[in-house]
Amino acid sequence: MTNQTVLNLELPGVKKLKSGKVREIFDLGDSFLFVASDRISAFDCVMPNGIPRKGEVLTQLSHFWFDQVENIVPNHRLAKANDPLPAKLKPFEAQLARRSMIVKKAQPLAIECVVRGYLAGSGWKEYKKSQTVCGINLPPGLQDSSELPEPIFTPATKAETGHDENIDFATAAKIVGPEIAERVRELSISIYRFAREYARKRGIIIADTKFEFGTLPDGKLILIDEVLTPDSSRFWPADQYQPGKSQPSYDKQFVRDYLETLEWDKTPPAPTLPPEVVEKTTGKYLDAYERITGRKL
């Protein structure tokens, strides 16, 4: 596999529905094709250069976790990691290899399902002000990166542009309905508990993560999008964990930390990442994949 960076992808004859910050979504008629590019965003800006192999890590790690948690909740995959591409996509095999997923057409829920097992990021900021996270009261005396007594479900709105906003459970229930809100809270915490224990045995702390759920035409609730990747989660090296400060990470926090050293106002155009930051970030993504799966990519 080359280290060539895939930033944009066109498949002549295949209708592209959307380009997200990272994913390209194509319409295959009765299914969608999700392709993870190597684009990386920080502070809601897409960087002009990407991270080689990032799209492969996101896709293959999602495949790995979908396999692990299928007994907890069904998911949107129509093809597994090593299944052959349909004939229509064979001409694009070199571009799609290891970074694409064929999925069911589902209607995404209008909330992000976030689970936190540790206090970090926006949760830590809110705790310092009010000793709460998304309206959930927490014990006094917690520090930056403290482990929480129990994992908590802290939903967020979905923003097309700008930041997602943290909301309390009551607001989430108004958006998606109380029954679905209860169900996704229960599922999100179950998946997180399983994954946290699994990863911890392999030297990685999953501090928090974000899940997406959707409904099929018959109303069935399924897990969609990506799952438990360095883009949707905070991964910390367990052997370096020290509460009371921010932690080294396997995710794109490394890129954010670099950008914080620049005189950049966090609005487009974003600065080009230097080669050493790109190379180190690729290494972090690959290391996370290899530690969790026990396999080389």
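Here's what I pulled together on the structure shown here. These numbers come from a predicted model, not from an experiment.

1. Here's the deal with the overall build of the protein
Consideration 1: Within the protein, the secondary structure is distributed over seven helices and 15 strands.
Consideration 2: Relative to its length of 297 residues, the protein is compact, with a C-alpha radius of gyration of 19 Å against a globular reference of 19 Å.
Consideration 3: Seen through its principal axes, the protein has C-alpha atoms that stretch 60 × 50 × 40 Å.
Consideration 4: Looking at the protein as a whole, 53% of its 297 residues qualify as buried.
Consideration 5: Long-range pairs, those at least 24 residues apart, make up 65% of the contacts in the protein with a sequence separation of at least 6.
Consideration 6: Carbon and sulfur atoms make up 50% of the accessible area of the protein, which totals about 14000 Å².
Consideration 7: The distance from the centre of the 41 positive side-chain charges to the centre of the 40 negative ones in the protein is 2 Å.

2. What about the sheet that holds strand 1 (residues 15–19)?
Consideration 1: Here we have four strands laid out as an open sheet, ordered 1-2-3-6, and antiparallel in their pairing. Both outer strands of the open sheet, strand 1 and strand 6 (100–103), are each paired with one neighbouring strand and no more. When the angles between neighbouring strand axes are averaged without regard to direction, this sheet yields 25°.
Consideration 2: This element, helix 1 (residues 54–69), spans strand 2 (23–27), strand 3 (32–36) and strand 6 of the sheet and lies at about 45° to strand 6.

Cut-off values and rules
Residues numbered from 1 in each chain as written. Predicted model: local features only at pLDDT ≥ 70, side-chain atom pairs only at ≥ 80, totals over all residues. Heavy atoms only, no water. Helix = DSSP H or I, 4+ residues; strand = E, 2+ residues; numbered from the N terminus. Rg over C-alpha atoms; globule rule 2.2 N^0.38 Å. Buried < 20%, exposed > 50% of the residue type's maximum accessible area, 1.4 Å probe, protein only. Contact = heavy atoms within 4.5 Å. Areas by Shrake-Rupley, 256 points an atom, 1.4 Å probe, with all protein chains shown as cover. Lys, Arg positive; Asp, Glu negative; His and termini not counted. Charge placed at Lys NZ, Arg CZ, Asp CG, Glu CD. Pairing = 2+ DSSP bridges. Axes fitted to C-alpha atoms, helices over the stretch in contact; angles between N-to-C directions.

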